[in-house]
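Residue-level listing of the chains:
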Amino acid sequence: MNWDQVEGQWKQIKGKVVEQWGKLTHDDLDVISGKREQLAGRIQERYGVTREEAEKQVEKWQSGWKKDWFN
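Small disclaimer: the values here were computed from a predicted structure and weren't measured.

Considering the pattern of salt bridges
Okay, so step 1: Applying the stated criterion to the full structure yields eight salt bridges.
Okay, so step 2: Asp28 is the salt-bridge partner of Arg46, the closest N and O atoms lying 2.8 Å from each other. Residue Arg46 is located in helix 4 (residues 36-47), and its partner Asp28 is located in helix 3 (residues 26-32); the two are separated by 18 residues in the primary sequence.
Okay, so step 3: Judged by its relative accessible area of 35%, Arg46 is partly exposed.
Okay, so step 4: Under the relative-accessibility criterion, Asp28 is labelled buried at 1%.

Now the structure itself:
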């Protein structure tokens, strides 16, 4: 799976993002638009974590659902 698939299905995936990171707003989700770097940046801002930690969270989250969504 590549991240382009996430961008293509962002409307369907937004709910999963909110389940994981409830502090993200609808405006955040609109700005993110399925872009991985934007997602990590917003997580960093909203949760006060380092960029590295935000990237780790995104990777862990992605590995948990990608089998179900893209097979």
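On we go from here.
Notes on the side chain of Arg42
Okay, so step 1: Relative to the elements of secondary structure, Arg42 occurs in helix 4.
Okay, so step 2: For Arg42, a relative accessible area of 18% translates into the label buried.
Okay, so step 3: A distance of 2.7 Å separates the side chain of Arg42 from the side chain of Asp28, its partner in a polar contact.
Okay, so step 4: Setting aside anything within four residues of it in sequence, one finds Arg42 in contact with Leu24, Asp28, Val31 and Ile32.

Overview of the environment of Gln9
Okay, so step 1: Along the polypeptide, Gln9 turns up in the loop between helix 1 (3-8) and helix 2 (10-20).
Okay, so step 2: Judged by relative accessible area, which is 30%, Gln9 ranks as partly exposed.
Okay, so step 3: The spacing of Gln9 and Ser33 is 24 residues in sequence and 9.7 Å in space, taken between C-alpha atoms.

Observations regarding the nonpolar core
Okay, so step 1: If you look at the biggest cluster of nonpolar residues, it comprises 15 residues, and the most contacted ones within it are Val17, Trp21 and Leu39.
Okay, so step 2: At the level of secondary structure, the elements contributing two or more residues to this core comprise helix 1, helix 2, helix 3, helix 4 and helix 5 (51-69).
Okay, so step 3: Once you skip the residues sitting within four places of it in the chain, Trp21 turns out to touch Leu39, Ile43, Tyr47, Gln57, Val58 and Trp61.

Focus: the confidence of the model for the protein chain
Okay, so step 1: Residues with a pLDDT of 70 or more make up 87% of the protein chain, whose mean pLDDT is 88.
Okay, so step 2: When pLDDT is averaged over each helix and strand of the protein chain, the minimum, 78, is found for helix 1 and the maximum, 97, for helix 4.

A closer look at the side chain of Gln62
Okay, so step 1: Within the secondary structure layout, Gln62 lies in helix 5.
Okay, so step 2: Within polar-contact distance, the side chain of Gln62 engages the side chain of Arg36 at 2.6 Å.

Here is what the cut-offs are and how they apply
Counting starts from 1 at the beginning of each chain's written sequence and moves along it residue by residue. Per-residue local features are limited, in this predicted model, to residues with pLDDT of at least 70; the limit for side-chain atom pairs, both in listing and counting, is 80 or more; totals at the level of whole chains, interfaces and linings are taken over all residues. Only heavy atoms go into the side-chain values, all of them from the structure, while hydrogens and water stay out. When a carboxyl oxygen of Asp or Glu lies within 4 Å of a side-chain nitrogen of Lys or Arg, that pair is called a salt bridge. Labels follow the DSSP assignment, with helices taken as runs of H or I lasting at least four residues and strands as runs of E lasting at least two, numbered in each case from the N terminus. Using a 1.4 Å probe on the protein chains alone, a residue whose accessible area is under 20% of its type maximum counts as buried, one over 50% counts as exposed, and one in between counts as partly exposed. We call two N or O atoms a polar contact when they sit within 3.5 Å, provided that within protein one can donate a hydrogen and the other can accept it, with sequence-adjacent residues counted only if both atoms are side-chain atoms. Contacts are residue-level and defined by heavy atoms, with any inter-residue pair within 4.5 Å sufficient. What is meant by a nonpolar core is a set of buried Ala, Val, Leu, Ile, Met, Phe, Trp, Tyr and Cys residues, joined one to another through side-chain atoms within 4.5 Å. Per-residue confidence from the predictor is reported as pLDDT, a score between 0 and 100.

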